[in-house]
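Survey of secondary and tertiary structure
What follows is each chain in one-letter form.
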Amino acid sequence: MIKRHNVDADGHPIALWEKSPSEARGAIVLLHGRTWSARPNFDLQVPGEDLSLMDGLVEEGYAAFAVDLRGYGQTPRDETGWLNPDRAAKDLKAVLEHVWLLTGGPRPFVLGWSRGSKVAQLTVQRWPELVSALVFFGYSPTFAGAPLADGEGDTPPAADPNSAVNAVIDFITPGSISQLAIDTYVKAAMEADPIRVDWRGALEWDELDPTQVRVPTLLMHAEFDPIATPEQRDSLFRALGSAELEALEIPGADHMAFLESARADFLKALVGFMERHQGR
């Protein structure tokens with residue numbers, strides 16, 4: 001059974017979803033990417049198939065928490081109608097503090113996927129004391145603001161609808177996921193996020209500096225993920241400032257590995273890393 005929390009972030013309610021075993025070994029916070037919110041990505045329920053990453057983590061004894069950033073899923077937009085990197089990082093900080101207090105155990109892990117990796121990095125650079133360790137997946141290490149520029153002041157917030165085309169664009173590897181699962185994902189994604197979130201403040205990403213990441217870090221990447229080239233991933237790994245670094249490739253997988261046939265490999269790698277850094 002999934003449970004919803006409302007986390008107060010400077011007076012704004014952030015939807016946080018929880019699935020936990022009766023006695024958890026630790027906790028991890030999952031952060032979605034640019035287009036779709038927490039539950040389609042991390043708790044997809046497909047009849048006859050086990051695809052929920054949250055369920056998999058619970059089976060391994062970990063409490064799984066998944067965030068809806070402002071404007072995503074069941075978290076409303078604020079009065080500005082926009083989301084920006086600084087605000088997203090502050091909201092994740094509030095979530096990490098909430099989870100740490102709620103669980104009463106070691107500091108939580110955090111996994112950022114796709115653009116969520118950038119938000120996670122920005123947060124951990126500023127507040128490293130809030131996490132046990134950091135996991136990146138599907139991360140394109142382009143640190144300049146320009147490639148991530150979305151709308152600015154002239155773009156009406158809440159004006160750009162999402163589409164089913166956007167929902168299937170990351171399913172790349174043939175045969176890696178059933179048609180039923182794809183159809184279920186499209187339906188869940190469109191119901192959760194019918195309108196694309198409006199981001200601005202792209203220059204705020206310029207604060208991203210991998211040399212300032214000082215917590216244990218796992219850089220997970222998928223063999224066929226088009227978001228980042230092997231050269232970019234290698235460059236990011238060499239630049240990270242942590243003394244405890246691991247890099248791992250998920251073979252035969254792409255940008256949505258945690259929902260596809262590579263899910264078991266993804267989960268094994270993630271849990272193994274958490275076990276090695278548990279109790280910080």
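Residues numbered from 1 in each chain as written. Predicted model: local features only at pLDDT ≥ 70, side-chain atom pairs only at ≥ 80, totals over all residues. Heavy atoms only, no water.

1. Focus on empty space enclosed by the protein
- Under the definition given, this model contains one cavity of 30 Å³ or more.
- By volume, the largest cavity is sized at about 40 Å³.
- For the largest cavity, the full set of lining residues is Gly138, Tyr139, Met220, His221, Ala222, Asp225, Ala228 and Arg233.
- A total of three residues in the lining of the largest cavity trace back to one element, the largest contributor, which is strand β7 (residues 217-222).
- Class assignment of the residues belonging to the lining of the largest cavity gives a composition of four nonpolar, two polar and two charged. (1 Å grid on protein atoms, 1.4 Å probe; cavity = no way out; pocket = protein on both sides within 12 Å on 5 of 7 lines; lining within 4 Å. Points joined across faces, edges and corners; volume = space filled by probe spheres on them. Helix = DSSP H or I, 4+ residues; strand = E, 2+ residues; numbered from the N terminus. Nonpolar A, V, L, I, M, F, W, Y, C, P; charged D, E, K, R; others polar.)

2. Quick look at the sheet that holds β7
- The eight strands lie next to each other as β1-β2-β4-β3-β5-β6-β7-β8, forming an open sheet whose pairing is mixed. Every other strand in the sheet has two partners, leaving β1 (3-9) and β8 (245-250) as the edge strands with one partner each. Strand-to-strand twist in this sheet, taken as the mean axis angle between neighbours without regard to direction, amounts to 20°.
- With respect to the sheet, helix α3 (residues 85-103) is in contact with β1, β2 (12-19), β3 (26-31), β4 (62-67) and β5 (109-113), its orientation differing from that of β1 by roughly 125°.
- Helix α7 (residues 230-239) rests against β7 and β8 of the sheet, and its axis sits at about 175° to β7. (Pairing = 2+ DSSP bridges. Axes fitted to C-alpha atoms, helices over the stretch in contact; angles between N-to-C directions. Contact = heavy atoms within 4.5 Å.)

3. Regarding the side chain of arginine 87
- Within the secondary structure, arginine 87 is located in helix α3.
- Leave out the neighbours within four places in its chain, and arginine 87 touches Ala9, Asp10 and Arg70.

4. Section: the nonpolar core
- Ranked by size, the top nonpolar core spans 48 residues in total, and within it Leu30, Phe42, Leu57, Tyr185, Phe258 and Phe266 carry the most contacts.
- Per-element tally for this core: the top contributor is helix α8 (residues 263-276), with seven residues.
- Discounting residues that sit within four places of it in the chain, leucine 30 has contacts with Phe42, Leu53, Met54, Leu57, Phe65, Ala66, Val67 and Leu111.
- Grouped together as the second largest cluster of nonpolar side chains are 41 residues, Tyr72, Leu83, Ala88 and Tyr139 included. (Core = buried A, V, L, I, M, F, W, Y, C linked by side-chain atoms within 4.5 Å. Buried < 20%, exposed > 50% of the residue type's maximum accessible area, 1.4 Å probe, protein only.)

5. Re the layout of surface pockets
- One number sums up the size of the second largest pocket: a volume of about 280 Å³.
- Those elements giving two or more residues to the lining of the second largest pocket turn out to be α1 (38-42) and α6 (179-192).
- If one sorts the elements of the lining of the second largest pocket by residue count, α6 sits on top with five residues.
- Grouping the amino acids of the lining of the second largest pocket by side-chain chemistry returns six nonpolar, five polar and five charged.

6. Remarks on the confidence of the model for the chain
- Across the chain, pLDDT averages 93, with 94% of residues at or above 70.
- In this model residues 143-148 is a low-confidence stretch, pLDDT under 50, and it forms 15 contacts with partners more than four residues away in sequence or in other chains. (pLDDT = per-residue confidence, 0-100.)

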